[in-house]
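Coordinate inspection notes
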There are 2 protein chains.
Amino acid sequence: MKAQHSISEALTMPPRVDKQSFRDAMSTLAAAVNVVTTDGPGGRAGFTATAVCSVCDEPPTLLVCLNRGTSVYDVFSRNDALCVNTLTDAQSDLSNLFGGKSSMDERFAAATWEQSVTGAPVLEGALVSFDCTISKRVNVGTHDILFCEVAGVCQRQDSGSLVYFDRGYHHLKALSDSVGQRINQAGH
Amino acid sequence: MKAQHSISEALTMPPRVDKQSFRDAMSTLAAAVNVVTTDGPGGRAGFTATAVCSVCDEPPTLLVCLNRGTSVYDVFSRNDALCVNTLTDAQSDLSNLFGGKSSMDERFAAATWEQSVTGAPVLEGALVSFDCTISKRVNVGTHDILFCEVAGVCQRQDSGSLVYFDRGYHHLKALSDSVGQRINQAGH
């Protein structure tokens, strides 16, 4: 266990791991790669995110963590809808594009989009898209956690998933195409 | 896009996808498999969770979604610490055990545990363990979201990850052992 804290902090605060150790440890928490998009009064924007998580199915809710220091933060603050587009194993180029420094016009020009019920852009060919309205925003540290009620889903049945693990991309095949062990126990 | 809502709801509420469509869609959001443990005044408990997510590194924070209807909820409500133990690709048996109906004694007897700084049980041989104090609890739908400050981490360098996707387990090798493409761009 690595922990970093001063003596004065230790008297009043719980111990806290240093930032680099936390980042190194988090690099081994595998996660799906998503392009999160929005459109509305604040304009159109999208970014690559692994910090997306299922919350509950009543009401159907997921969450997205958004750094308040990023260029897209202002747009997402002014809109009340977003779409989580989970990428297939063939879409790492889109992950790089939406995780890089390109303009929003360049990012959106690289793919085909449909407009959802909420108005957020839905990525054609995504593994799954969750069209959402933002129902609650919670401020934690440097990030906002956007709790999102899911208005609609669009799902492909036959594609593999792009996963980020150990600071790189991995490709997961759907179990129907692999010899993986299907169970219904874990997860929700 | 599938959405289910009555006419009266449609006048006042945003559209909402039906529960089964949400669950089916969520089954294609790949996620690492973790055993989340606690010990303290409320007793000792542990459960299998994929709904774990990095939040921010200042302060180092992650979140865990916990169903208020589960048997472990009361214990986690009364304790102020937990440990997220991310499983290696060789630990699917532990995932099944902590996701099943076995007693807590049976669950914990199946592995070796160390006590962390916070008092939460750390799984020997986990891919990575995050020892945490619970800093904030947010109620959303049927779940509590536990925001956790990370006090310490314990990490293995050489193991693959157990991942849940398409309602089954998958095994990801670390990039040092595979031909995957290492990047630093996506994620955080």
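Anyway, here's the lowdown on the structure attached to this text.

1. Some thoughts on the sheet that holds strand β9 (residues 128-140) of chain A
If you trace the 7 strands from one edge of the open sheet to the other, you get β3-β2-β6-β9-β10-β5-β4 (chain A), paired in antiparallel fashion. Two strands in the sheet have a free side with no partner beyond their single neighbour: β3 (45-49) and β4 (52-57) of chain A. Between one strand and the next, the sheet's axes are offset by a mean angle of 30 degrees, whatever the strand orientation. Relative to β3 of chain A, strand β2 (residues 34-38) of chain A runs antiparallel, the two sharing 5 bridges. When the sheet's bridge partners are listed, T38 of chain A is paired in β3 of chain A with A45 of chain A. With respect to the sheet, helix α2 (residues 19-26) of chain B is in contact with β4, β5 (60-67), β9 and β10 (143-155) of chain A, its orientation differing from that of β4 of chain A by roughly 155 degrees.

2. Regarding helix α2 (residues 19-26) of chain A
Buried within α2 of chain A we find S21, F22, A25 and M26 of chain A. For α2 of chain A, the angular spread of the buried residues around the axis is 130 degrees, confining them to a single face. On the buried face of α2 of chain A, the contacting elements are β4 (52-57), β5 (60-67), β9 (128-140) and β10 (143-155) of chain B. The opening residue of α2 of chain A, the one whose side-chain oxygen lies 3.3 Å from the backbone nitrogen of Q20 of chain A, is D18 of chain A.

3. Things to note about the interface of chain B and chain A
Facing the 92 residues of chain B at the interface are 92 residues of chain A. Overall, the association of chain B and chain A removes approximately 7,700 Å² of surface from exposure, summing both partners, and the carbon and sulfur fraction of that is 65%. D57 of chain A is the partner of R23 of chain B in a salt bridge, and the nearest nitrogen-oxygen pair spans 2.5 Å. Counting across the interface, chain B meets chain A through 18 residue pairs in polar contact (both at pLDDT 80 or more). Here the side of chain B that touches chain A takes 10 residues from β10 of chain B, the largest share from any one element.

What counts, and at which threshold
Residues numbered from 1 in each chain as written. Chains lettered and ligands numbered in written order. Predicted model: local features only at pLDDT ≥ 70, side-chain atom pairs only at ≥ 80, totals over all residues. Heavy atoms only, no water. Pairing = 2+ DSSP bridges. Helix = DSSP H or I, 4+ residues; strand = E, 2+ residues; numbered from the N terminus. Axes fitted to C-alpha atoms, helices over the stretch in contact; angles between N-to-C directions. Contact = heavy atoms within 4.5 Å. Buried < 20%, exposed > 50% of the residue type's maximum accessible area, 1.4 Å probe, protein only. Arc of directions from axis to C-beta. Polar contact = N/O pair within 3.5 Å; in protein donor to acceptor, adjacent residues only side chain to side chain. Buried area = accessible area lost by both parts, 1.4 Å probe. Salt bridge = Lys/Arg side-chain N within 4 Å of Asp/Glu carboxyl O.

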